[in-house]
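# Observations on chain architecture
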Amino acid sequence: MVTALRIVDDEGSNATAAPGKRVFLETFGCQMNILDSELVRDQLLTLGYRFVKEAEDADVVLYNTCAVRAQSEQKVLSRLGVMQRRKVEQPDLIVGMLGCMAERTGGDLAKKLKHLDIVVGPSELDRLPTLLQQIETERLQLRVDRPKARAHQQVALSGHTNRRSSTLDAAMDRLEALDNGRLVDEDAKHTQAYVRITRGCNKFCSFCVVPFTRGPEVHRDPDAIVAEVQKLVDGGAIEITLLGQTINHYVHGSTNFAQLLKRVHDEVPSMQRLRFLTSYPRDFTDETLDVMASSARMCRFLHIPAQSGSDRMLKLMNRGYTTESYLQLIERARSRMPDVAIVGDMIVGYPTETEEEFEASLALLRAVRYKTAYVFKYSPRPNTVAHRRDADDVPDEVKRRRNNEMLRVQQEIALQHHEAMVGQRVQVLVEGAAKLDPKEHEAPRDDDGAVLHSLGKKVRPARVDGLVRLTARTRGDHIVAFDGTADLVGTLAEVVIVRATPLSLQGTLAS
Ligand code: SAH
Ligand code: F3S
């Protein structure tokens, strides 16, 4: 679907600097969105825009949205409601919706919400500067031509779908430039950084909107990936996370995923840590597990969602594997890396899920012993197979009960994992000051539509003894809080675990 209230020519990208314009950008959803927001930010910074922390201080307000569940979309709609009221007092304000919800609802939403100036899908983000520029120009023109008229130009671009056809290659080249154009300067320095290796998804799980919003799978050139990792590490990144929706499906020319991992690991020796998200349970090769096990700087971490512990559900979900083959994969991973942390996603209340089938999911949780399980209540998404084929027949209170029950079981498992770590000496990556609420670290995705920001290096003022409460992560992605000096932020440290709660660990610096 191409929805365009006004289409901008491919030839028309002539965005010029907009010195001083203040931008507020809020990100919803997954890591892929966090990365997209960083790339958008870099692009706009290069053009002279400035970024502010509060929407009230901004000339341009952008929401990078998620469409995976209805609740995430609701949050954005309520933000847009606030902006609608603000625009009465500040008619020059530019309001934009980026990302998957923009792609899914496209121009329809823009037609309804007249105060929404820009709607840009995830595969059009490279054109955002041009669109901003265009709106500004048209408003200026309007002021000259009809000084009393209200600004009323909207631009909506979505539609990777047309890119399944002939324009795909050209569009991908431009998106490639977006990834390659990222900034690595003092301001953009991170302790950890994301690098995309694959765009889109071809899996079409029956419940999921992502193949519609992010388009078909396209893999990036391994040389470009290695070069980007090197650039980020040279710029100060300590940990690199490779991103893809079904990352183990990566293949480019003769390079498969295992070979790519090995290349990145071996060719960037100054990178301290490497990990990747998200794995698809089918076709996860022993070759990849062997590379993980034999690479000293690879994290012991696998995010590999099962979604359900019932084979009938898995079939309806079009997942293409059984509970048995999933458990065998976990076994293959643990036999090579006994300390590997496994993270999963589970859906409760998928249409027709019975109590027994839900119990089977709990049994899977106990069998796998996840480090973290993100639990989602099924949310019907327009256009998906599940939405068209399966009535959403599990009542909301049943979904809620199953959700809570599953989280309770998972908490017990997480506490056991954490208690087993007490007394151990572990290597951690120090990320910054500890937040007051450890939940913010541990479960960024189980709160519907949780707002995620990339990690900064902010440190609270030192106490009298010169120490601050720091937060850090192990190679298995366990969060550890401990007291140390602020200069440890952004470095690897050795810590002894002294206390465990279901959500976090506390440690002391090893001497
Ligand atoms: N492979 C992707 C999955 C994206 S969606 C990744 O990078 O993680 C993230 C998770 O949201 C899925 O694993 C699934 O558990 C959940 N999810 C997706 N669609 C959903 C829906 N319609 N209702 C509830 N949960 C959903
Ligand atoms: Fe969604 Fe399944 Fe792809 S969950 S992102 S369609 S692997």
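Shown above is the structure to which this text applies.
Figured I'd write up the structure that's included with this text. (Residues numbered from 1 in each chain as written. Chains lettered and ligands numbered in written order. Predicted model: local features only at pLDDT ≥ 70, side-chain atom pairs only at ≥ 80, totals over all residues. Heavy atoms only, no water.)

### Observations regarding the nonpolar core
Of all hydrophobic cores here, the largest spans 64 residues; its most connected members are Val229, Ile240, Leu242, Phe276 and Leu302. Apart from the residues lying within four places of it in its own chain, the contact partners of isoleucine 240 are Ala193, Val195, Val229, Leu232, Val233, Met271, Arg273, Leu274 and Arg275. (Core = buried A, V, L, I, M, F, W, Y, C linked by side-chain atoms within 4.5 Å. Buried < 20%, exposed > 50% of the residue type's maximum accessible area, 1.4 Å probe, protein only. Contact = heavy atoms within 4.5 Å.)

### Describing the sheet that holds strand β10 (residues 239-243)
What holds strands together in a sheet is hydrogen bonding between their backbones, with the strands either parallel or antiparallel. Pairing is parallel across the open sheet formed by three strands, whose spatial order is β7-β10-β13. Each of the sheet's edge strands pairs with one partner strand only, and the pair in question is β7 (192-196) and β13 (273-277). Neighbouring strand axes in the sheet, compared pairwise and without regard to direction, differ in orientation by 25 degrees on average. One ladder, built from five bridges, connects β7 with β10; its direction is parallel. Among the inter-strand pairings, arginine 196 is bridged to a residue of β10, identified as leucine 243. Sheet contacts for helix α1 (residues 31-46): β7, β10 and β13; angle to β7, the most-contacted strand, approximately 95 degrees. Sheet strands touched by helix α8 (residues 257-267): β10 and β13. Its angle to β13, the strand with the most contacts, is close to 155 degrees. (Pairing = 2+ DSSP bridges. Helix = DSSP H or I, 4+ residues; strand = E, 2+ residues; numbered from the N terminus. Axes fitted to C-alpha atoms, helices over the stretch in contact; angles between N-to-C directions.)

### Considerations on the pairing of β7
Burial analysis of β7 places five of its five residues in the buried class, the great majority of the element. Burial along β7 is two-sided: Gln192, Tyr194 and Arg196 and Ala193 and Val195, pointing in opposite directions, are all buried.

### Some thoughts on the packing of aromatic side chains
In total, this model carries six aromatic pairs according to the counting rule given. Taken together, the aromatic side chains of Tyr280, Tyr321 and Tyr326 make up a single cluster linked through ring pairs. One cation-aromatic arrangement involves lysine 203 over tyrosine 280; the distance from NZ or CZ to the ring centre is 5.0 Å. (Phe/Tyr/Trp six-rings, centres within 6.5 Å; stacked < 30°, edge-to-face > 60°. Lys NZ or Arg CZ within 6 Å of the ring centre and 35° of its normal.)

### A look at the site of ligand 1
For ligand 1, the set of nearby residues contains 14 residues, the closest of which are Gln245, Thr278, Gln307, Asp345 and Ser379. In the model, a nitrogen atom of ligand 1 is placed 2.7 Å from a nitrogen or oxygen of the glutamine 245 main chain. The contact in question runs from an oxygen atom of ligand 1 to an N or O atom on the side chain of threonine 278, over 2.9 Å. Here ligand 1 loses 90% of its free accessible area of 550 Å² to cover by the protein chains. Contributing elements (two or more residues each) for the shell around ligand 1: β15 (341-348) and β16 (372-377). Considered class by class, the residues forming the shell around ligand 1 number five nonpolar, four polar and five charged. (Near = heavy atom within 4 Å. Polar contact = N/O pair within 3.5 Å; in protein donor to acceptor, adjacent residues only side chain to side chain. Areas by Shrake-Rupley, 256 points an atom, 1.4 Å probe, with all protein chains shown as cover. Nonpolar A, V, L, I, M, F, W, Y, C, P; charged D, E, K, R; others polar.)

### Points about the layout of surface pockets
One water molecule sets the probe size; rolling that probe over the atoms shows where empty space is left. Roughly 430 Å³ of internal volume is contained in the second largest pocket. Lining of the second largest pocket is provided by 19 residues; of these, Asp339, Val340, Met421, Gln424 and His478 occupy positions nearest its centre. Elements represented by at least two residues in the lining of the second largest pocket include exactly β15, α14 (396-421) and β17 (425-433). It is α14 that contributes the most residues to the lining of the second largest pocket, three residues altogether. Of the residues in the lining of the second largest pocket, the class split is seven nonpolar, six polar and six charged. Counting contributing residues per domain, the lining of the second largest pocket is built from domain 2 (174-419) and domain 3 (425-509), each supplying no fewer than three. (1 Å grid on protein atoms, 1.4 Å probe; cavity = no way out; pocket = protein on both sides within 12 Å on 5 of 7 lines; lining within 4 Å. Points joined across faces, edges and corners; volume = space filled by probe spheres on them. Domains from an automatic or database assignment.)

### Topic: the environment of threonine 278
Within the element layout of this structure, threonine 278 appears in the loop between β13 and α9 (286-294). When its relative accessible area of 16% is taken as the criterion, threonine 278 is described as buried. Between the C-alpha atom of threonine 278 and that of valine 343, which follows or precedes it by 65 residues, the distance is 9.7 Å. Look past the residues within four positions of threonine 278 in its chain and what remains in contact with it is Gly244, Gln245, Thr246, Ile247, Asn248, His303 and Pro305.

### Observations concerning the environment of arginine 425
With respect to the helices and strands, the residue arginine 425 is situated in strand β17. The exposure class of arginine 425 is exposed, given its relative accessible area of 52%. Along the primary structure arginine 425 and glycine 507 are separated by 82 residues, whereas in three dimensions their C-alpha atoms are 9.0 Å apart. With residues up to four places along the chain from it excluded, the contact list for arginine 425 reads Glu494, Val495, Val496, Ala510 and Ser511. A polar atom in the side chain of arginine 425 sits 3.2 Å from the side chain of glutamate 494.

### A short note on α8
An α-helical segment advances 3.6 residues per turn. Residues three or four places apart therefore align on the same side. Within the sequence span of α8, burial applies to Phe257, Ala258, Leu260, Leu261, Val264 and His265. In an axial view of α8, the angular spread of the buried residues amounts to 165 degrees, which keeps them on one side of the axis. Buried residues along α8 sit against α7 (222-234), β10, β12 (255-256), β13 and α9. If you check the start of α8, you find a side-chain oxygen 3.2 Å away from the backbone N of alanine 258, and it comes from asparagine 256. (Arc of directions from axis to C-beta.)

### Structural notes on the sheet that holds strand β20 (residues 492-500)
A barrel is described by the order of its strands in space; here five strands give the closed sequence β17-β18-β19-β21-β20, paired in mixed fashion. If you compare each strand with its neighbour and ignore which way they point, the axes differ by 50 degrees on average. Relative to strand β18 (residues 468-474), β17 runs antiparallel, the two being bridged by five bridges. Looking across to β18, one finds that alanine 433 is bridged to leucine 470. Sheet strands touched by α14: β17, β18, β20 and β21 (505-509). Its angle to β20, the strand with the most contacts, is close to 115 degrees.

### Re the packing of α9 against helix α11 (residues 323-336)
Running from N to C, α9 and α11 point in directions that differ by 30 degrees, and their axes come no closer than 9 Å. Considered as vectors, α9 and α11 are oriented roughly parallel to each other. Here α9 and α11 pass one another in a crossing that is right-handed. Touching Asp286, Leu289, Asp290 and Ala293 of α9 are Leu329, Arg332, Ala333 and Arg336, all from α11. For the contact of α9 with α11, the per-class residue count stands at four nonpolar, no polar and four charged. (Parallel < 35°, antiparallel > 145°, perpendicular 65-115°, else oblique. Left-handed = near helix turned anticlockwise from the far one by under 90°.)

### Thoughts on the pairing of β13
Burial within β13 is extensive, with five of its five residues counted as buried. Going residue by residue along β13, you find Arg273, Arg275 and Leu277 tucked away on one face and Leu274 and Phe276 tucked away on the opposite face as well. The pairing of β10 with β13 spans five bridges and is parallel. The residue bridging threonine 241 from the neighbouring strand is arginine 275, located in β13.

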